[in-house]
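Close look at the chain arrangement
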Amino acid sequence: MKIRNITDYLEEIAPLYLQESYDNSGLIIGDLENTVDGCLITLDCTEEVVEEAINNNCNLIITHHPIIFNPLKKIVGNSYIERIIIKAIKNDIAIYAIHTNLDNVYNGVNRKIAEKLGLINCEILLPKNKLLKQLVVYCPASHSEALKEAMINNGAGSFSNYDNCSFSSLGQASFRPKKGSSPFVGNIGEIYNAEEVRLEFSLQKDIEGSLIEAMKDNHPYEQVAYQIYDLDNFSDDIGSGMIGNLASEVDSEEFLNLIKKQMNTACIRYTQLTNKKIKRVAICGGSGSFLLQEAKNRKADIFISSDFKYHEFFDADKKIIIADIGHFESEQFTKELIYDFLSKKFTKFAVQLSNVNTNPINYL
Ligand SMILES: [Zn+2]
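Residues numbered from 1 in each chain as written. Predicted model: local features only at pLDDT ≥ 70, side-chain atom pairs only at ≥ 80, totals over all residues. Heavy atoms only, no water.

Glancing now at the sheet that holds strand S13 (residues 302–306). A sheet is described by the order of its strands in space; here 6 strands give the open sequence S5-S10-S12-S13-S14-S11, paired in mixed fashion. In this open sheet, the two strands that pair with only one neighbour each are strand S5 (120–129) and strand S11 (269–270). As paired strands, S11 and strand S14 (residues 321–324) are joined by 2 bridges and run antiparallel to one another. Among the inter-strand pairings, Arg269 is bridged to a residue of S14, identified as Asp324. Packed onto the sheet, helix H5 (residues 109–117) meets S5, strand S10 (234–250), strand S12 (278–287) and S13 and runs at close to 140° relative to S12. Packed onto the sheet, helix H8 (residues 252–262) meets S10, S11, S12, S13 and S14 and runs at close to 30° relative to S13. (Pairing = 2+ DSSP bridges. Helix = DSSP H or I, 4+ residues; strand = E, 2+ residues; numbered from the N terminus. Contact = heavy atoms within 4.5 Å. Axes fitted to C-alpha atoms, helices over the stretch in contact; angles between N-to-C directions.)

Rendered as structure tokens:
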């Protein structure tokens, strides 16, 4: 099996185009065409994790956090990042990151946290929009069915739980081929009236380039008239954070203790408890303070996340409880999530969970 077989499958679950613009998910070091002997899964790629991969004969490390996040100017071993890169390359170990693309899918990082806390009826807390585009193309009526089929075979009209979605309407087109053209129909210098079909498809924005190529390859005209534009539609199953309900409401202190136990945390930093019982729970693995307002808008009783700054805690404003459980703690089950994906799909292949505790923070 090649590294590509594993990463292609991960990208079916969490496509790379769903990563945030600041992110660096995907293959960071290595060659997708190399044979994979063993695969080690971790939340962070540290020097100890690379050492573990070498000892366990794993030539692929799958990490949640990308080891290269900011641009590097030198790789001479001055920082832990540089040393990891050197060590991985010397030992022919590939490093692949599945980061905010896994945060942004429904069955990703936050779903795993929701499962640990027993949340039901979960929804994405802040769904994303502008992931879809609309493509309009004009085609002679005689060729419209063939073009439509080719477009659909190349991924047009396929999104969420639907495929084969299209719209068509018949109309009159006119054009005049000028000198130097070689028109499919009509004569040079004469205005030609044609019966044309306006075909429309929605598409996921990641296939735009390949779809336009397929459209041009399958269209009879020398110059294809088409338009493409962004759609504002929100994708309910893609976005940041998650919100769900507890099966029955509980006392806030009792719920904090449950978080502590289920999320295996040494410490929770939390704001003043409200008098309300806890029923509706918003979560975000990793740094989630940007979602506080959305958690309040959607009437969450508590927002569980990490990396809140001092002044941000005031924004709870007695309307919600903020529970900061720590970045590592909130995402620690992400490696189990990746392990489950891979071990179910590749049953005869050695997928290993790293035993290194990569949390850089200690509590006294
Ligand atoms: Zn994180």
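Next comes the rest of the description.
Summed over all chains, the structure comprises 1 cavity of 30 Å³ or more. Each pocket or cavity is described by its volume, and for the largest cavity that value is around 30 Å³. In terms of lining, the largest cavity is formed by Thr42, Leu43, Asp44, Phe328, Gln332, Lys335, Val356 and Thr358. Considering only residue class, the lining of the largest cavity consists of 3 nonpolar, 3 polar and 2 charged. (1 Å grid on protein atoms, 1.4 Å probe; cavity = no way out; pocket = protein on both sides within 12 Å on 5 of 7 lines; lining within 4 Å. Points joined across faces, edges and corners; volume = space filled by probe spheres on them. Nonpolar A, V, L, I, M, F, W, Y, C, P; charged D, E, K, R; others polar.)

As a further point, take the coordination of the zinc ion. Of the protein atoms, only His65 (NE2), His327 (NE2), Glu331 (OE) and Glu331 (OE) coordinate the zinc ion, at distances of 2.1 to 2.7 Å. Coordination geometry of the zinc ion: the 4 donor atoms subtend angles of 52 to 124° at the metal centre, consistent with an arrangement described as irregular. Look at where the donors of the zinc ion fall in the sequence and you get H-x261-H-x3-E. Of this pair, His65 sits in the loop between strand S3 (60–63) and helix H3 (80–90) while His327 sits in helix H11 (residues 327–331), and the two are 262 residues apart along the sequence. (Donors = N, O, S within 2.8 Å, 3.2 Å for Na, K, Ca; no water. Tetrahedral: all angles 85-135°; square planar, octahedral: opposite > 155°, others 65-115°.)

Here the focus is H3. Three or more residues of H3 are buried, namely Glu82, Ile84, Ile85 and Ala88. End-on view of H3: buried residues confined to an arc of 160°, all on one side of the axis. Turning to H3, the residues buried within the fold contact strand S1 (26–29), helix H2 (47–55) and strand S4 (94–97). Phi for Asp92, located one or two positions after H3, is positive at around 55°. (Buried < 20%, exposed > 50% of the residue type's maximum accessible area, 1.4 Å probe, protein only. Arc of directions from axis to C-beta.)

This next bit is on the packing of aromatic side chains. One pass over the full model with this rule turns up 8 aromatic pairs. Summarising the aromatic geometry, the rings of Phe184 and Tyr221 are spaced 6.2 Å apart at their centres and angled 55° between planes, so their arrangement reads as tilted. Taken together, the residues Phe184 in the loop between strand S7 (167–175) and strand S8 (192–204) and Tyr221 in the loop between helix H7 (208–217) and strand S9 (226–230) connect sequence positions 37 residues apart. The structure contains a cluster of three or more aromatic residues connected by ring pairs, namely Phe175, Phe184, Tyr192 and Tyr221. Sitting above the plane of the Phe333 ring, Lys116 keeps its charged end 4.2 Å from the centroid. (Phe/Tyr/Trp six-rings, centres within 6.5 Å; stacked < 30°, edge-to-face > 60°. Lys NZ or Arg CZ within 6 Å of the ring centre and 35° of its normal.)

On to the side chain of Asn101, then. By the secondary structure assignment, Asn101 is in helix H4 (residues 100–103). A distance of 3.0 Å separates the side chain of Asn101 from the backbone nitrogen of His99, its partner in a polar contact. Not counting residues up to four positions away in its chain, the partners in contact with Asn101 are Ala14, Pro15, Leu16, Leu18, Gln19, Asp23 and Ser25. (Polar contact = N/O pair within 3.5 Å; in protein donor to acceptor, adjacent residues only side chain to side chain.)

All right, on to the state of the cysteines then. Using the criterion set out here, one finds 0 disulfides in the structure. Of the cysteine sulfurs around Cys39, a residue in no disulfide, the closest is that of Cys58, at 6.8 Å. Of the residues examined, Cys39 reaches a relative accessible area of 0% and is grouped as buried. For the unlinked cysteine Cys45, the closest cysteine sulfur is that of Cys58, found at 12 Å. (Disulfide = S-S within 2.5 Å.)

Turning our attention to the nonpolar core. Grouped together as the largest cluster of nonpolar side chains are 50 residues, with contacts concentrated most on Ile6, Ile62, Ile259, Ile302, Ile304 and Leu342. Ile6 has contacts with Met1, Val36, Cys39, Leu60, Ile62, Leu342, Phe346 and Phe349, leaving out every residue within four places of it along the chain. Membership of the second largest hydrophobic core comes to 17 residues, among which are Ile29, Val49, Cys58 and Ile61. (Core = buried A, V, L, I, M, F, W, Y, C linked by side-chain atoms within 4.5 Å.)

In the contact formed by helix H1 (residues 3–13) and helix H12 (residues 334–345), the axes pass within 11 Å of each other and the chain directions differ by 120°. Taken together, the axes of H1 and H12 lie oblique to each other. For H1 against H12, the interelement crossing comes out right-handed. Residues Ile6, Tyr9, Leu10 and Ile13 of H1 lie in contact with H12, whose contacting residues are Ile338, Phe341, Leu342 and Lys345. (Parallel < 35°, antiparallel > 145°, perpendicular 65-115°, else oblique. Left-handed = near helix turned anticlockwise from the far one by under 90°.)

The values reported here are purely geometric and, on their own, carry no functional implication.
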